[in-house]
Amino acid sequence: MSNNQKKPISGGNPFQRLRDQLEGIEPALEPITMTIGEPKHEPPSFFMDVLVENKAGFRKYPPIHGTPEFRAAIGTWLKARYGLDAAFDADKSVIPLNGSREGLVFACVSARDYLKKDVETPAVLLPNPFYQSYGAGAHMAGAEEILLPEQGTGILPDLDVLDPALLDRTIAFYFASPANPQGTVAPMTYWKQLIGLARKHNFLIFADECYSEIYRETPPTGVLEAASATDGTLSHVVSFNSLSKRSNLPGLRCGFAAGDPEFIQFFANFRNIAAPQVPLPAQALAVRAYADEDHVVENRRLYNEKYAAAEEILSPLFGSVMNDGGFFLWLDVSRWGGGVATAEKLWREAGVKVLPGAYIASDMPEGFNPGADYIRLALVDSLDTSREAFNRIVTCLE
């Protein structure tokens, strides 16, 4: 058993760790919080009207597979967004989720049972840093976490160094593009290489694509797009997405899983006894939201305004802070003693609360933490508030 396997779900909750670290410290200035990636832009103007129009649905138990309208809307959007073949069958390849997090966790248990690998300890591969729910999925599946270090923006886990024996006992490979926190986007060639490994060694790719519509210039390639381009099938791949980031509806808890039709149906059967259904009014809102791109374009514009301000204000101190997607900054603060020390300094002296990179990463077996030199900033507040935070950071660290 590895040291990582002994830890409770990859080091626990990063935000509780930060609360413990900063407890008792009074900030010198009015606080600005940039820790949690909770969208604060306005949701689409129609969202409440749709919920009211469909309020009778709260009196019914929803079907676990979702409504036909929900599956059709997601299928139409996926075909348009990723150029999927007209033969893509949303009725077999799409199910609703209570936000992508719930699906990412439960899917790992389903992967273990679906693949039925004859191994003593299955393995789950995940990037490091990573979204903590990936670790929760591995934990629930009784699998060993194998962490793949991924420190800086633009650096993807090296697929060429993975041991074939490890891949043979792997049940799931979690991968986010755009990545949280680095904003890295995987190119088509990388996706195809990973898909080839999944099919050769019989494991599932769980692609966390909840930031797919928040990008600087070019829409990120998706796993379904790459799989379809490889051989026309979606074998061994699942995409997870939701309305939380795309439509600024994190409290709705409405997302979807789409991909390998055989696994999706197996997963749905498991969820039917283990997970709550998505309320019918939420599904109706998803149908409307996925048919409207105007609010998504505006949402992306607002984030990109803040990235432009960050580049203007922070780049003289940090170098370019731009990335390809998502809404985080991932700043190297090794010059100031690393992420933990810098987060405390910024809170005490500037009133800016940021997340130490070490808290969303785990120590590698060799002992180093690939997030230790970094802090993460969520650009979810207004442009004016963000600019104020950037200026405070520069003043504090110059």
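What you see is a predicted model; the values in this text were computed from it and never measured.

Undergrad: Honestly, the confidence of the model for the protein chain in this entry has me stumped. Any pointers?
TA: Any region with low pLDDT has predicted coordinates that should not be read closely. Mean pLDDT over the protein chain works out to 95, with 97% of the residues at or above the 70 mark. In this model, residues 1-8 is a region of pLDDT below 50 whose contacts with residues beyond four sequence positions or in other chains number nine contacts.

Undergrad: Just checking my understanding: could you explain the layout of surface pockets for this structure?
TA: Left-over empty space is what a probe sized like a water molecule reveals as it rolls over the atoms. Its volume calculated, the largest pocket comes out at about 750 Å³. Residue lining of the largest pocket: 29 residues in total, with F15, I36, R101, Y131 and K245 positioned closest to the centre. Contributing elements (two or more residues each) for the lining of the largest pocket: helix 2 (14-22), helix 6 (99-115), helix 7 (132-140) and helix 11 (243-246). Take the lining of the largest pocket: its biggest share by element is four residues, from helix 6. Split into classes, the residues belonging to the lining of the largest pocket amount to 13 nonpolar, 10 polar and six charged.

Undergrad: Would you explain helix 15 (residues 339-350) in this entry?
TA: Along an α-helix, residues three or four apart share an orientation, since each turn contains 3.6 residues. With 12 residues, helix 15 extends 15 Å between its outermost C-alpha atoms, agreeing within 8% with the 16 Å of an ideal straight helix rising 1.5 Å per residue. For helix 15, the full list of buried residues reads G339, T342, A343, L346, W347 and A350. Taken around the axis of helix 15, the buried residues stretch over an arc of 130°, which confines them to a single face. Elements in contact with the buried residues of helix 15: helix 2, strand 10 (352-353), strand 11 (355-356), strand 12 (374-378) and helix 16 (383-397). Positive backbone phi, approximately 70°, marks G351, located one or two places after helix 15.

About the thresholds
- Residues numbered from 1 in each chain as written.
- Predicted model: local features only at pLDDT ≥ 70, side-chain atom pairs only at ≥ 80, totals over all residues.
- Heavy atoms only, no water.
- pLDDT = per-residue confidence, 0-100.
- Contact = heavy atoms within 4.5 Å.
- 1 Å grid on protein atoms, 1.4 Å probe; cavity = no way out; pocket = protein on both sides within 12 Å on 5 of 7 lines; lining within 4 Å.
- Points joined across faces, edges and corners; volume = space filled by probe spheres on them.
- Helix = DSSP H or I, 4+ residues; strand = E, 2+ residues; numbered from the N terminus.
- Nonpolar A, V, L, I, M, F, W, Y, C, P; charged D, E, K, R; others polar.
- Expected span 1.5 Å × (residues − 1).
- Buried < 20%, exposed > 50% of the residue type's maximum accessible area, 1.4 Å probe, protein only.
- Arc of directions from axis to C-beta.

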